[in-house]
Amino acid sequence: MPGQQEETLIKKKYAKEIEQVELWEELLRKSIVDEGQLDAICKGNIDKEKLKAVIKKYPMRINPYYLSLVKKKDDAIWKQCIPDVRELDDPKGFEDPLCEERDSPVPGLTHRYPDRVLLLVCNQCAMYCRFCTRKRKVGDPFKRITRAQILRGIEYIKGHPEVRDVLLSGGDPFLLSDSYLEWILKELRSIPHVEIIRIGTRVPCALPHRVTPELCNMLKKYHPLYVNIHFAHPDEITELSESACNMLSDAGILLSSQTVLLRGVNDDPKVMKDLMQKLLKIRVRPYYIYQADMTMGINHFRTKVEKGIEIIEKIQGWTSGLCVPHFVIDSPGGGGKIPILPNFIVSRDDKKIVLRNYSGKTYTYEEHC
Ligand SMILES: *Cc1c(COP(=O)(O)O)cnc(C)c1O
Ligand code: SF4
């Protein structure tokens, strides 16, 4: 496992690429993908056979940039990207806890809410998060998403005028080439009832080099466009991720964030508040904190729901309201996202409502009658 010395080695080894090579594809090619490479980094300190089995079931990909964010073994970055033998030992989890496949009229499209759909356009990511809720399909070369499948999704949207909001996700849509992504955006923009398009991505956090001027110039032709970025820890906010976010913002794209609440990574109100404040500073508006899903293979990441409530309790009122995300549970069985709030109502009747503020003082509001 990398100690102080090895860390410095990792950084030295990749420093040149990280600073000089702009080609994100090249960085991606240099990702660590098998147990042999992992063993080399960890100096032979891993159970190679067991990790091989983990990686076979749930692919590993750690690009040199994301790996360079690791400061020491088992830190918040490490836990997100390095496979763990516990992933195979999770009898309680579900492959598809949110029943995305069940609510899927055509493959790769989930229509769960009245006016918006989720369309999966790519099953690759810049880094495979060990806690991914779509562990069942990301990174699997046999589950690649074809052009024909995306076209079926687009045809479905054309035939459903109630769909005014399309969320592109995956995997990570920004792992597609500019021209392929542009084809999808152009098709969607040609549908009159599609009002907004959203892209869910981890690229500005996990491989900011991918956010190029060319990508931003292409994206800005398809406004109104929103980009929702997955960040999990303040250490992921670097000069590079900041400049990637700036480029997107400067292209007129509104940025928001989503964060999964993860044991040992960010299950600490101080860490979360720091993250939310840092996000605002780089013009990313905190949107959701998710309770970890009941996904097979991620049990060791799950926290008590109480932890999420405590986090909101320590942010709401204590810092800028813009920093306060919604804490949600994406309901198992496919009921969608349900917001969970600390209880600010002390009592309520026809005449008045008694409330407590963030610091615990109570106040009474009398109803109009
Ligand atoms: C999260 C999600 C959406 C979007 O939800 P918002 O609350 O509007 O951000 C849409 N469809 C599916 C299936 C989702 O999981
Ligand atoms: S970036 Fe998103 S889709 Fe990709 S592995 Fe991480 S959580 Fe899953």
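Treat the numbers as computed from the prediction; the structure is a model and nothing was measured.

Undergrad: Talk me through the packing of helix H12 (residues 269–281) against helix H13 (residues 305–315); I want residue IDs and the actual numbers.
TA: Between H12 and H13, the shortest axis-to-axis distance is 9 Å and the interhelical angle comes to 55°. The pairing of H12 with H13 is recorded here as oblique in orientation. Seen from above, H12 lies across H13 with right-handed handedness. When H12 is examined against H13, the residues Pro269, Met272, Lys273 and Met276 are found in contact with a partner set consisting of Glu310, Ile311, Lys314 and Ile315. In terms of residue class, the contact of H12 with H13 is built from five nonpolar, no polar and three charged.

Undergrad: Kindly report on the domain arrangement of the protein chain, identifying the contributing residues and their values.
TA: Under the domain assignment, the protein chain is made up of domain 1 (9–86) and domain 2 (109–339). Each of domain 1 and domain 2 has a C-alpha centre, and the two are 23 Å apart. On the domain 2 side, the residues contacting the 27 residues of domain 1 number 35 residues. Between domain 1 and domain 2, roughly 2600 Å² of surface is buried when both sides are summed, and carbon and sulfur atoms account for 61% of that area. When the area that domain 1 buries against domain 2 is broken down by residue, the three leading residues are Trp24, Arg61 and Gln80, summing to 29%.

Undergrad: Run through the site of ligand 2, naming residues and quoting values.
TA: Every residue lining ligand 2 is accounted for by Cys125, Met127, Tyr128, Cys129, Cys132, Gly171, Arg202 and His230. Its atoms largely coinciding with the cavity grid, ligand 2 occupies the largest pocket. Its residues assigned to classes, the shell around ligand 2 shows five nonpolar, two polar and one charged.

Undergrad: An account of the pairing of strand S7 (residues 284–290) is needed here, citing residue identities and associated values.
TA: Burial analysis of S7 places five of its seven residues in the buried class, which makes it a mostly covered element. Direction of pairing for strand S6 (residues 254–260) relative to S7: parallel, over a ladder of six bridges. Bridge pairing in S7 places Leu255 opposite Val284. This β-α-β element, S6 to H12 to S7, shows right-handed connectivity. Here S7 pairs with strand S8 (residues 326–331) via three bridges, running parallel. Note that in S8 the partner of Tyr288 across the bridge is His326.

Undergrad: So what's going on with the sheet that holds strand S9 (residues 336–339)? Which residues, and what values?
TA: Across the sheet, nine strands lie side by side as S1-S2-S3-S4-S5-S6-S7-S8-S9; this open sheet has mixed pairing. If you trace the sheet from one side to the other, it starts and ends with strand S1 (109–110) and S9, each paired once. Here strand S5 (residues 225–230) runs beside S6; their pairing, made up of five bridges, is parallel. Within S6, the residue paired with Val227 across the bridge is Leu255. Contacting S7 and S8, H13 crosses the sheet at an angle of about 155° to S8.

Undergrad: A description of the packing of helix H7 (residues 147–158) against helix H8 (residues 178–189) should follow, citing residues and the corresponding values.
TA: Here H7 crosses H8 at 20°, and the two axes come no closer than 10 Å. Taken together, the axis directions place H7 and H8 in an arrangement best described as roughly parallel. Crossing hand, H7 versus H8: right-handed. Residues Arg147, Ile150, Leu151, Ile154, Ile157 and Lys158 of H7 form the contact with H8, whose own contacting residues are Tyr180, Trp183, Ile184, Glu187 and Leu188. Of the residues assigned to the contact of H7 with H8, the class counts are eight nonpolar, no polar and three charged.

Undergrad: Lay out empty space enclosed by the protein in plain terms, naming residues and giving numbers.
TA: Here the idea is plain: a probe the size of a water molecule rolls over the atoms and shows the empty space left. Counted under the stated rule, the structure contains three cavities of 30 Å³ or more. Estimates place the volume of the largest cavity at around 50 Å³. A breakdown of the residues in the lining of the largest cavity according to their chemical character gives six nonpolar, no polar and two charged.

Undergrad: Which residues make up unusual backbone geometry, and what are the values?
TA: Here Gly170 and Gly171 are connected by a cis peptide whose omega angle stands at 10°. By secondary structure assignment, the location of Gly171 is in the loop between strand S3 (165–170) and H8. In this chain, His223 is followed by Pro224 through a cis amide linkage whose omega measures -5°. Summarising the element assignment, Pro224 is placed in the loop between helix H10 (213–219) and S5. For Arg283, which is not glycine, the phi torsion reads 65° and is therefore positive. Among the secondary structure elements, Arg283 is positioned in the loop between H12 and S7. By relative accessible area, which is 41% here, Arg283 ends up partly exposed.

What counts and how
- Residues numbered from 1 in each chain as written.
- Chains lettered and ligands numbered in written order.
- Predicted model: local features only at pLDDT ≥ 70, side-chain atom pairs only at ≥ 80, totals over all residues.
- Heavy atoms only, no water.
- Axes fitted to C-alpha atoms, helices over the stretch in contact; angles between N-to-C directions.
- Helix = DSSP H or I, 4+ residues; strand = E, 2+ residues; numbered from the N terminus.
- Parallel < 35°, antiparallel > 145°, perpendicular 65-115°, else oblique.
- Left-handed = near helix turned anticlockwise from the far one by under 90°.
- Contact = heavy atoms within 4.5 Å.
- Nonpolar A, V, L, I, M, F, W, Y, C, P; charged D, E, K, R; others polar.
- Domains from an automatic or database assignment.
- Buried area = accessible area lost by both parts, 1.4 Å probe.
- Near = heavy atom within 4 Å.
- 1 Å grid on protein atoms, 1.4 Å probe; cavity = no way out; pocket = protein on both sides within 12 Å on 5 of 7 lines; lining within 4 Å.
- Sits in = over half its atoms within 2 Å of the grid points.
- Buried < 20%, exposed > 50% of the residue type's maximum accessible area, 1.4 Å probe, protein only.
- Pairing = 2+ DSSP bridges.
- Right-handed = clockwise from strand over helix to strand, strands pointing away.
- Points joined across faces, edges and corners; volume = space filled by probe spheres on them.

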